[in-house]
Every structure is written in structure tokens, then in C-alpha cells.
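Structural overview for review
Listed here are the chains, written in short residue letters.
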Amino acid sequence: MNSWEITYPDGMVKFVDFFRAKNFQYEVYDKVVKDYLEEHSKISVDKICSLGSGTGRHEVQLAKMGYSIIGVERNQESLPILNALFAKEGISSIEVIEADFLNEEALKAKLTGYQFDCILLLFIPLSIEDVKKVVCLFEPYIKVGGVILTNQFFGYDDGFVPNCTLSECDFADNPFQERSTTSEFCVRLNTFKYGDMIIDWTAVYIYYDNNHCLQMSRDRDIIEVLGHDTYVETLRMANGSSMELLPVREVTECSLEMNMPKTSDYIVAWRKTDAQI
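Below or above, wherever it landed, is the structure these notes cover. Since this is a predicted model, take the numbers as computed values, not measurements.

Okay, the packing of helix H2 (residues 26-40) against helix H3 (residues 57-64) next. To characterise two packed helices, one gives the angle between the axes of the helices and the distance between these axes. At a minimum axis distance of 9 Å, the contact between H2 and H3 shows a crossing angle of 60°. In terms of orientation, H2 lies oblique with respect to H3. Of the two possible hands of crossing, H2 and H3 adopt the one that is right-handed. Where H2 abuts H3, its residues Tyr26, Glu27, Tyr29 and Asp30 lie against Arg57, His58, Gln61 and Leu62. Of the residues belonging to the contact of H2 with H3, the class tally is three nonpolar, two polar and three charged.

Shown next as C-alpha cells:
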């Protein structure tokens, strides 16, 4: 299996966002992204295209750093949360283009004429084949010297035997909840099934809906894990591509709770090099 879809049941995006807000250290992580871009981009980075911009957690941090951001997002259920987050931070909201970033025709229709200094694909569980497809699809929209940057999980902990299942439970409140007699919250039950460099992650959400009825829903992500000793041959683009694979960078500044259990998170990037800088 070389490709898979990332989908959430209707109405689930806000509950997923509860846990992002609680567990992910966006301010820390995006500072690492900024440092990486300053080290490896051959042009000044100002204009960034953020793929799968979702509820805007990365984007608000990048906007606070001074970058000009345009989002690409197919799930418009995320947009009110993004707008609320930017309003909460006192920042003007960003333009979000409604499109599937793996749909070449949609990209041609909506991005023709755009040129970006950087294209980001962060915290989106795609297969390695689809990540490389994204690099190919967005090559026309990145300036020479600019960087396409994503993150991937590497390895398993030394001594860890992958043919097992791990489970955990977590709880999170709505960060946008107005003061009231009751708070909006969600309980999430996570199950991680480990295979040969694949983690099959099922999350079950238990919550009260808008009618105060108890509900349960679930989503499933497949996480592909790279081997440290094979990442170059796995991620290098085909001969003739202008996208040069850059050195990977392990992210050690953030809590381990941001990672898939038993793995390490790395920044992976390519730089466009097909003309004189």
C-alpha cells in the first residue's frame, strides 16, 4: 500500500484540535522550522504556502514570526477554528485556498501564477510515496533556492519489537470555550498497532454533541516510519528533478508526547536548484 487518505468524520475536526492544542508545542516546533529555513534556504523566506493548514496552529505561529502565509485546505470545517485562533492572538487571518493538495488539476486551477519561498507540509500522515508526489506537484510553485519542508518519523526505539499494540487514554478541553456552567471536552482512546515500519493508529473520541447527547466517533491514521540507514535512497527524487534532498534534522526540543510512541521526529526538506541563484 503506497497511498492512503486522511479523513475525519463530520464534526470531528474541533475535537481533534482540542488534543493538538493540548499536546503539541507549536511555538517550539515552528521555531525549529524557522531555524532550518534560515540555514538551508538560498533565498530570503517571506511567503510561505502551508499545505493542509487545517485549524491554523502552525500558521498562527509562523504569522507571529513575520511570515506571509497562504493555506491550502480541503476541509472547510477547519476554517472557523483557524479564524477563531487568529482572532484570539490578535492577528489578521490568512487566505486559505480550498483545494486537495494532491489534486494536480485543482492546484493548476487555483495556484497558477503563485510562487512561494517555502512550502510546508507539517503533521500530515501521508505515505512516503505521496510526500514525494507533493514535492513533484509543488515544484512549479516554489522559487529557485526555496525549500519544500515536511516532517517524518524515523526508526523505533532501540530494542523495541514492533509487532505489538500500545494503548493510551487522554482528555482535552475546548480552548475556545466561553465561560459557562459546563465545558466542552472530549476523551480520546488511542491504539497504536506496530508493524514493519508502519504504525496503524486508531483514535476513538467520546464527547457530548451540541444537543448534550453522548457520542462516540473514530478516525484512523497510518504512519510510515523511515529507517535511519535508508532515508536518503527513500526520499531522494528521481533523476531530472530540480528538488535536491537536504540534510535531515532531528527535533529534540519538544516533548516526546508530540511524537508517535517509540519513534523520533525529523524535519525532511528539498531545495529547488535548477537555475543559478
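And the narrative resumes.
A few words now on the pattern of salt bridges. Counted according to the given criterion, the structure contains 14 salt bridges. Residue Lys22 is joined to Asp170 by a salt bridge in which the shortest nitrogen-to-oxygen separation is 2.7 Å. Taken together, the residues Lys22 in helix H1 (residues 13-23) and Asp170 in strand S6 (residues 165-173) connect sequence positions 148 residues apart. The residue Glu253 makes a salt bridge to Arg249 at a minimum N-O spacing of 2.9 Å. Judged by relative accessible area, Glu253 falls into the partly exposed class, the value being 39%. It is possible to trace a salt-bridge network through shared partners that takes in Glu5, Arg74 and Asp100.

We now examine the packing of aromatic side chains. Counted according to the given criterion, the structure contains 17 aromatic pairs. Through successive ring pairs, a cluster of aromatic residues spans Phe24, Tyr26, Tyr29 and Phe123. The residue whose ring lies beneath Arg188 is Phe19, and the NZ or CZ to ring-centre distance is 4.2 Å.

So, on to the side chain of Thr55. Tracing the backbone through its elements, the reader meets Thr55 in the loop between strand S1 (47-51) and H3. You can call Thr55 buried: its relative accessible area is 2%. In this structure the side chain of Thr55 is engaged in a polar contact, spanning 3.4 Å, whose partner is the side chain of Arg20. If we ignore the near neighbours within four places in the chain, the residues touching Thr55 are Val13, Asp17, Arg20, Ser78, Ile81, Leu82 and Leu85.

Reading guide: rules and limits
Residues numbered from 1 in each chain as written. Predicted model: local features only at pLDDT ≥ 70, side-chain atom pairs only at ≥ 80, totals over all residues. Heavy atoms only, no water. Axes fitted to C-alpha atoms, helices over the stretch in contact; angles between N-to-C directions. Helix = DSSP H or I, 4+ residues; strand = E, 2+ residues; numbered from the N terminus. Parallel < 35°, antiparallel > 145°, perpendicular 65-115°, else oblique. Left-handed = near helix turned anticlockwise from the far one by under 90°. Contact = heavy atoms within 4.5 Å. Nonpolar A, V, L, I, M, F, W, Y, C, P; charged D, E, K, R; others polar. Salt bridge = Lys/Arg side-chain N within 4 Å of Asp/Glu carboxyl O. Buried < 20%, exposed > 50% of the residue type's maximum accessible area, 1.4 Å probe, protein only. Phe/Tyr/Trp six-rings, centres within 6.5 Å; stacked < 30°, edge-to-face > 60°. Lys NZ or Arg CZ within 6 Å of the ring centre and 35° of its normal. Polar contact = N/O pair within 3.5 Å; in protein donor to acceptor, adjacent residues only side chain to side chain.

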